[in-house]
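Observations on the three-dimensional arrangement
Listed below, chain by chain, are the residues.
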Amino acid sequence: MFWEWSLLTILSILSVYLFVKMYYFKSITSKEQRGNDLMKITLQEAEILIRKYQIQLQRALGNVDILSEELTKLRNELKVLKQRNTKHRQETDRLNGKIKALEGRIDALL
């Protein structure tokens, strides 16, 4: 009789212990699952933000390329205008010299 009660007591304690341990590990597993789900959601949101910023960066780089091309065109146009201005100054100086020469001739004739 003692062996039966001791065996029954040991089995009961063991079953309660295993039952408690099972629920403990089940709760830990569910917490880990929730943590993993949150991590997946966070990673998905991060991927979306990365894609968004990549698109913005590509657009910005495209705009920089366009602006660089326009800047190069404007620099070339500025060089052309400076050359024209130099030619016009030379032409003006030459014409002013002719005018002075003609004025000198007119004064000489008078």
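My aim in this report is to walk through the structure given alongside it, one point at a time. In this text, all values refer to a predicted model and were calculated from it rather than measured experimentally.

1. So, the overall build of the chain
Broken down by element type, the chain carries 1 helix and 0 strands. Scaling as 2.2 N^0.38, a compact globule of 110 residues should have a C-alpha radius of gyration of about 13 Å, whereas the chain reaches 47 Å, well beyond that. Projected onto its principal axes, the C-alpha coordinates of the chain cover approximately 160 × 15 × 15 Å. When each of the 110 residues of the chain is scored for burial, the buried share is 0%. Averaging the positions of the 19 positive and the 13 negative side-chain charges in the chain gives two centres separated by 3 Å.

2. Focus on a nonpolar patch on the surface
On the surface, L7, L11, L14, Y17 and L18 cluster together to form a nonpolar patch covering roughly 500 Å² of accessible area. When you line up the elements, Y17 lands in helix α1 (residues 2–109). The class of Y17 is partly exposed, set by a relative accessible area of 47%.

3. Let's talk about the pattern of salt bridges
One pass over the full model with this rule turns up 1 salt bridge. A salt bridge links R94 to E91; its shortest N-O distance comes to 2.2 Å. Here R94 and its partner E91 are both found in helix α1, 3 residues apart, which amounts to about one turn of the helix.

Rules used in this analysis
- Residues numbered from 1 in each chain as written.
- Predicted model: local features only at pLDDT ≥ 70, side-chain atom pairs only at ≥ 80, totals over all residues.
- Heavy atoms only, no water.
- Helix = DSSP H or I, 4+ residues; strand = E, 2+ residues; numbered from the N terminus.
- Rg over C-alpha atoms; globule rule 2.2 N^0.38 Å.
- Buried < 20%, exposed > 50% of the residue type's maximum accessible area, 1.4 Å probe, protein only.
- Lys, Arg positive; Asp, Glu negative; His and termini not counted.
- Charge placed at Lys NZ, Arg CZ, Asp CG, Glu CD.
- Patch = residues over 30% accessible without salt bridge, like charges linked within 9 Å, V, L, I, M, F, W, Y side chains within 5 Å.
- Areas by Shrake-Rupley, 256 points an atom, 1.4 Å probe, with all protein chains shown as cover.
- Salt bridge = Lys/Arg side-chain N within 4 Å of Asp/Glu carboxyl O.

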